[in-house]
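Examining the three-dimensional arrangement
Single-letter residue listing:
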Amino acid sequence: DAGVIQSPRHEVTEMGQEVTLRCKPISGHDYLFWYRQTMMRGLELLIYFNNNVPIDDSGMPEDRFSAKMPNASFSTLKIQPSEPRDSAVYFCASSLVHSYGYTFGSGTRLTVV
Amino acid sequence: AQKVTQAQTEISVVEKEDVTLDCVYETRDTTYYLFWYKQPPSGELVFLIRRNSFDEQNEISGRYSWNFQKSTSSFNFTITASQVVDSAVYFCALSAYGGSQGNLIFGKGTKLSVKP
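Everything quoted here is computed from the prediction, not taken from an experiment.

Turning to the overall build of chain A, a few remarks are in order. For chain A, the helix and strand inventory stands at zero helices and eleven strands. For 113 residues, the compact-globule estimate of 2.2 N^0.38 gives 13 Å, and the C-alpha radius of gyration of chain A, at 13 Å, lies within 12% of that figure. Based on the C-alpha atoms only, the size of chain A along its principal axes is roughly 40 × 25 × 25 Å. With 113 residues in all, chain A has 50% of them scored as buried. Once local pairs closer than 6 in sequence are excluded, the contacts in chain A between residues at least 24 apart make up 53%.

And the structure:
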């Protein structure tokens, strides 16, 4: 299995632009998570899906953030408009709840200038 | 509320020393899972171990060992004979079985530096 695949690996964008981060979970995994990592706040959950349905989006910081999972093999996290404080590493992870561990993608390092 | 505390922000050791990373957790759920992840300088998050709340047996994997004590809500991680390649940030995490089923809650991490 190729693991959880995220794209792009790095994204540099100007303030005000729309940013879309992509994630392909491991086939067969029922749960998909989006996390954000910053120096100040550490690893924080933004949103997670179960069987493509959003279960908890309480971690989404503002209405500028949105996430979708149109099918079991694809999810997007969109920021519109982006701001410098959105600069962080965004991780996607997938799991079978009762499986041995949550698998994380390599992350997308977002820089908003 | 659920919480994971890693009180040690940074630890520095010399190669071949043993080092223990502390993790204390809080949860009201009776069924939960505890994890350790490693984040090397390259940035990815590497799964190390998962332990469920009903299994308090200590576990050893090579130079790594984990001590789970429910009585003190701790899940500590020991590296024996540390090596430079062990230098990384280590995260302890908690996943509860209750209302927030499926969500991993991370501690702030402990940065381990192993010097030659």
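Residue and element names in this part refer to chain A. Taken in spatial order, the four strands line up as S1-S3-S8-S7 in an open sheet, and their pairing is antiparallel. Among the strands making up the open sheet, the edge pair consists of strand S1 (5–7) and strand S7 (65–71). Across the sheet, the mean angle separating the axes of adjacent strands is 15° when strand polarity is ignored.

Ranked by internal contacts, the top residues of the largest apolar core, which has 24 residues, are B:Trp36, B:Trp66, B:Phe75, B:Phe77, B:Tyr90 and B:Leu112. Mapped by element, the contributors of at least two residues to this core are strand S2 (10–14), strand S3 (19–21), strand S5 (32–39), strand S6 (46–52), strand S8 (64–69), strand S9 (74–79), strand S10 (88–96) and strand S12 (110–115) of chain B. Per element, the largest residue contribution to this core is four residues, and it comes from S10(B). Each residue touching B:Tyr90, except ones within four places of it in the same chain, is listed here: B:Gln6, B:Leu21, B:Trp36, B:Tyr37, B:Lys38, B:Leu48, B:Tyr64, B:Phe77, B:Ile79, B:Gly109, B:Thr110 and B:Leu112. In this structure, A:Ile47, A:Ile79, A:Leu110 and A:Val112 belong to the second largest nonpolar core, which totals 21 residues.

When the sulfur atoms of two cysteines share a covalent bond, that bond is a disulfide. Considering all chains together, one arrives at two disulfides over all chains under this definition. At a sulfur-sulfur separation of 1.9 Å, the disulfide partner of A:Cys23 is A:Cys92. Given an S-S torsion of about -70°, the disulfide between A:Cys23 and A:Cys92 has left-handed geometry. Here A:Cys23 is found in strand S3 (residues 19–24), whereas its partner A:Cys92 is found in strand S9 (residues 88–95), with 69 residues between them in sequence. Neither A:Cys23 nor A:Cys92 differs from the other in exposure class; each is buried. The partner cysteine of B:Cys23 in its disulfide is B:Cys92, sulfur to sulfur 1.9 Å. The S-S bond linking B:Cys23 to B:Cys92 shows a torsion near -65°; that makes this disulfide left-handed. Placement of the pair is B:Cys23 in the loop between S3 and strand S4 (24–26) and B:Cys92 in strand S10, with a sequence separation of 69 residues. Here the two residues B:Cys23 and B:Cys92 agree in accessibility, since each one is buried.

Counting through the fold element by element, A:Ile26 comes out in the loop between S3 and strand S4 (31–38). For the pair A:Ile26 and A:Leu46, spaced 20 residues apart in sequence, the C-alpha to C-alpha distance is 19 Å.

Summed over all chains, the structure comprises eleven salt bridges over all chains. Where B:Arg51 meets B:Glu59, a salt bridge forms, and the shortest distance between an N and an O atom there is 2.3 Å. Given the relative accessible area of 26%, B:Glu59 is considered partly exposed. Residue B:Asp86 pairs with B:Arg63 through a salt bridge whose shortest N-O separation is 2.8 Å. Within this pair, whereas B:Asp86 is found in the loop between S9 and S10, its partner B:Arg63 is found in the loop between strand S7 (59–61) and S8, the two being separated by 23 residues in sequence. When its relative accessible area of 1% is taken as the criterion, B:Asp86 is described as buried. Of the residues examined, B:Arg63 reaches a relative accessible area of 24% and is grouped as partly exposed. Ionic contacts of the salt-bridge type, sharing partners, join the residues A:Glu62, A:Arg64, A:Glu83, A:Arg85 and A:Asp86 into one network.

Thresholds, definitions, all that
Residues numbered from 1 in each chain as written. Chains lettered and ligands numbered in written order. Predicted model: local features only at pLDDT ≥ 70, side-chain atom pairs only at ≥ 80, totals over all residues. Heavy atoms only, no water. Helix = DSSP H or I, 4+ residues; strand = E, 2+ residues; numbered from the N terminus. Rg over C-alpha atoms; globule rule 2.2 N^0.38 Å. Buried < 20%, exposed > 50% of the residue type's maximum accessible area, 1.4 Å probe, protein only. Contact = heavy atoms within 4.5 Å. Pairing = 2+ DSSP bridges. Axes fitted to C-alpha atoms, helices over the stretch in contact; angles between N-to-C directions. Core = buried A, V, L, I, M, F, W, Y, C linked by side-chain atoms within 4.5 Å. Disulfide = S-S within 2.5 Å. Salt bridge = Lys/Arg side-chain N within 4 Å of Asp/Glu carboxyl O.

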